[in-house]
Structures are given as structure tokens and as C-alpha cells.
Amino acid sequence: ALRQPDRGPLVIDCGHLGLRPQRDAAAAEQSYQIVDDLFDYLSEPEVAGKPVGYDLAEGKVTLPLIAALRQATEADRRKLRALAGRKKWTTGQWSQLRDLIEKTGGFEYSRVRAQALADEARGVLAREKPSPARKALDAAIDYAVKRDH
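Note that the coordinates shown come from a computational prediction; the quantities given were computed from them, not determined experimentally. (Residues numbered from 1 in each chain as written. Predicted model: local features only at pLDDT ≥ 70, side-chain atom pairs only at ≥ 80, totals over all residues. Heavy atoms only, no water.)

What to know about the overall build of the chain
Secondary structure summary: the chain contains nine helices and two strands in total. Moving toward the C terminus, one meets the helices and strands of the chain in the order β-β-α-α-α-α-α-α-α-α-α. Across the 149 residues that make up the chain, the buried fraction comes to 41%. Intrachain contacts of the chain at a sequence separation of at least 6 include 59% that bridge at least 24 residues. Roughly 8,400 Å² of accessible area belongs to the chain as shown, and the carbon and sulfur atoms make up 53% of that amount. (Helix = DSSP H or I, 4+ residues; strand = E, 2+ residues; numbered from the N terminus. Buried < 20%, exposed > 50% of the residue type's maximum accessible area, 1.4 Å probe, protein only. Contact = heavy atoms within 4.5 Å. Areas by Shrake-Rupley, 256 points an atom, 1.4 Å probe, with all protein chains shown as cover.)

Structure below.
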């Protein structure tokens, strides 16, 4: 079963298939979370259901920024830190932050990582006999990486 209580983290209940949820559903849940992290930077508030930049303003440093910081030049890293350390941004500052994350590969790395985790989750499911539950979990994995909100 797929649950998303209060628009919080994705919870996949796969115990009825004989899978261990903490281990076997972890990749799908991580994939979902990475896509959610991308929405924090790239979505519109009406679509995401929360203000853009909300997680960062709350002090949550997520994969797109972490990857950007790892791959950035020293000059870009300083700019990223200065912009990311703010609690509020002008439109121009937010655009500059997004542009730097894009330039340094943070968004692309996150997209690739989310897809790799989804593929890993599918590998776990592939060991199971075909069933309606397996089909539903496979659809949940697709939703995790292909959703638009």
C-alpha cells in the first residue's frame, strides 16, 4: 500500500509480500524524497503545496544543494553557501541559487540518483511473484519518480 500522510514522506507497506519494509522499501522512499527535494527548488507553490524554498528556509539541506556544493568550484561554492544560508530570498536571489545548483549539476545528480533508487526498488520487486500487490508497488515506484507535485 502507498500512504502519504499529510503530504509527508512516502510510506510503502510491503510486508504483505514478505518483504522487510525498512530495507526493501527504503530505495523507493528515498527516491520519492529526492524528487520532493527537487520540487522545493523547481516547483511552483501552487503545485508543491508549500512555498518554494520552504525546506531550505527551515534549515534542511537536501541532495540537490549537497551535490551542487560537492561539484562546485570554490567560487561557486562560496556563492551557494551565501545564498543557501538565507531564510528569505528575493526573486533574483532565488533564481541565482537555482541557476548555480543547475550549473554545478546538483539537479541532474539528484534526478539520476532518484531514478537509480527507483530501479533498485524495482529489482527488489522483480524477485516477487506477479500479483496485484506487486503491480501496485511498481506503480508506486513510478509515481515516486514521475510525479509532478
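Past the structure itself, the notes keep going.
Things to note about the packing of helix H2 (residues 26-42) against helix H8 (residues 106-126)
Their axes nearest at 7 Å, the elements H2 and H8 cross at an angle of 155°. Here H2 is positioned roughly antiparallel relative to H8, judged by the angle of their axes. In the packing of H2 onto H8, the handedness of the crossing is left-handed. Each of Ala27, Ala28, Gln30, Ser31, Ile34, Val35, Leu38, Tyr41 and Leu42 in H2 lies in contact with H8, whose residues at this interface are Phe107, Ser110, Arg111, Arg113, Ala114, Leu117, Ala118, Glu120 and Ala121. Here the residues of the contact of H2 with H8 sort into 12 nonpolar, three polar and three charged. (Axes fitted to C-alpha atoms, helices over the stretch in contact; angles between N-to-C directions. Parallel < 35°, antiparallel > 145°, perpendicular 65-115°, else oblique. Left-handed = near helix turned anticlockwise from the far one by under 90°. Nonpolar A, V, L, I, M, F, W, Y, C, P; charged D, E, K, R; others polar.)

Observations concerning helix H7 (residues 91-103)
With 13 residues, H7 extends 18 Å from end C-alpha to end C-alpha; this agrees with the ideal 18 Å at 1.5 Å per step. Once H7 ends, the next one or two residues include glycine 105, with phi positive near 90°. (Expected span 1.5 Å × (residues − 1).)

Considerations on the confidence of the model for the chain
Chain-level statistics for the chain give a pLDDT mean of 84 and a share of 84% at 70 or above. Here strand E1 (residues 2-3) stands out as the least confident element of the chain, with mean pLDDT 41; helix H5 (residues 63-71) is the most confident, with 98. In the model, residues 1-11 has pLDDT below 50 throughout and makes 29 contacts with residues more than four positions away in sequence or in other chains. (pLDDT = per-residue confidence, 0-100.)

Let's talk about the packing of helix H6 (residues 74-84) against H7
Their axes nearest at 10 Å, the elements H6 and H7 cross at an angle of 140°. It follows from the interaxial angle that H6 and H7 lie oblique. When the axes of H6 and H7 are compared, the crossing they make is left-handed. Taken together, the residues of H7 that come into contact with H6 (itself represented by Asp76, Lys79, Leu80, Leu83 and Ala84) are Gln93, Gln96, Leu97, Leu100, Ile101 and Lys103. In the contact of H6 with H7, the residues fall into six nonpolar, two polar and three charged.

Here we look at the side chain of aspartate 76
Residue position: aspartate 76 is located in helix H6. Taking relative accessible area as the criterion, aspartate 76 reaches 5% and is therefore assigned buried. A polar side-chain atom of aspartate 76 sits 2.9 Å from a polar atom in the side chain of lysine 103. The contacts of aspartate 76, once residues within four sequence positions are left out, are Leu100, Lys103 and Thr104. (Polar contact = N/O pair within 3.5 Å; in protein donor to acceptor, adjacent residues only side chain to side chain.)

Brief notes about H6
Looking at H6, one finds that the buried residues are Asp76, Arg77, Leu80, Leu83 and Ala84. Projection of H6 onto a plane perpendicular to its axis shows the buried side chains occupying an angular sector of 135°, all on one side. Projecting away from the buried face of H6 at angles above 90 degrees are the exposed residues Arg78, Arg81 and Ala82. As for H6, its buried residues are in contact with helix H4 (54-57), H5 and H7. (Arc of directions from axis to C-beta.)

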